[in-house]
Amino acid sequence: QVQLVESGGGLVQGGGSLRLSCAASGRTFSSYAMGWFRPAPGKEREFVAAISWSGGRRYYADSVKGRFTISRDNAKNMVYLQMNSLKPEDTAVYYCAATMGKEIELAPIRYDYWGQGTPVTVTS
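Now for a look at the structure at hand. Quantities reported herein were computed from a predicted structural model and do not represent experimental measurements. (Residues numbered from 1 in each chain as written. Predicted model: local features only at pLDDT ≥ 70, side-chain atom pairs only at ≥ 80, totals over all residues. Heavy atoms only, no water.)

### Considerations on the nonpolar core
Within the largest apolar cluster, 35 residues are counted, with the highest numbers of intra-cluster contacts made by Leu4, Met34, Trp36, Leu81, Met83 and Tyr94. Among the secondary structure elements, those contributing two or more residues to this core are strand E3 (18-25), strand E4 (33-40), strand E5 (43-51), strand E7 (68-73), strand E8 (78-83), strand E9 (92-99) and strand E11 (118-123). (Core = buried A, V, L, I, M, F, W, Y, C linked by side-chain atoms within 4.5 Å. Buried < 20%, exposed > 50% of the residue type's maximum accessible area, 1.4 Å probe, protein only. Helix = DSSP H or I, 4+ residues; strand = E, 2+ residues; numbered from the N terminus.)

Given below as structure tokens:
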């Protein structure tokens, strides 16, 4: 089993930046593709970004493309989400998730483990 704990959320002005971290525990962490999600109107979970097990492939939602960067450090069991040029509409609780597959997945149902979330608030 994999346990995930997010951190790094907070309050920031529009145009600012935050870096979210996801600390993972579990002996098979490096075999998991990872993703970041957030709630959105009309959706239980909105896909934000994902990264393959090796870090060689990354994928982003159109709403954050060019502004957010996902990365991972398997040696440290860490996944990151660098968020730049933040907008008020980015305000949400951000969740880190792990899928047992090695390739990226966009659908929440494909993810097997979830963290408890870290809140991000972006003011105007």
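Now that the structure is up, let's keep going.
### Some remarks on the state of the cysteines
What the rule picks out here adds up to one disulfide. Shown here is the disulfide that connects Cys22 with Cys96, its sulfur atoms set 2.1 Å apart. When the S-S torsion is -80°, as for the bridge of Cys22 with Cys96, the disulfide is left-handed. In this pair, Cys22 sits in strand E3 while Cys96 sits in strand E9, placing the two residues 74 residues apart along the sequence. Take Cys22: its relative accessible area is 0%, and that puts it in the buried class. (Disulfide = S-S within 2.5 Å.)

### Things to note about the packing of aromatic side chains
This model, assessed by the stated rule, comprises six aromatic pairs. One aromatic cluster is present, built from ring pairs that chain together Phe37, Phe47, Tyr59, Tyr111 and Trp114. Here the basic side chain of Arg45 rests over the ring of Trp114, its NZ or CZ set 5.0 Å away from the ring centre. The aromatic ring of Tyr59 is capped on one face by Lys65, whose charged end is 6.0 Å from the ring centroid. (Phe/Tyr/Trp six-rings, centres within 6.5 Å; stacked < 30°, edge-to-face > 60°. Lys NZ or Arg CZ within 6 Å of the ring centre and 35° of its normal.)

### What to know about the pairing of strand E1 (residues 3-7)
Only one face of E1 is covered, namely the face carrying Leu4 and Glu6; the face carrying Gln3, Val5 and Ser7 is uncovered. Bridge analysis of E1 against E3 gives five bridges, and the strand direction is antiparallel. In the sheet register, Ser7 faces E3, and the bridge partner there is Ser21. (Pairing = 2+ DSSP bridges.)

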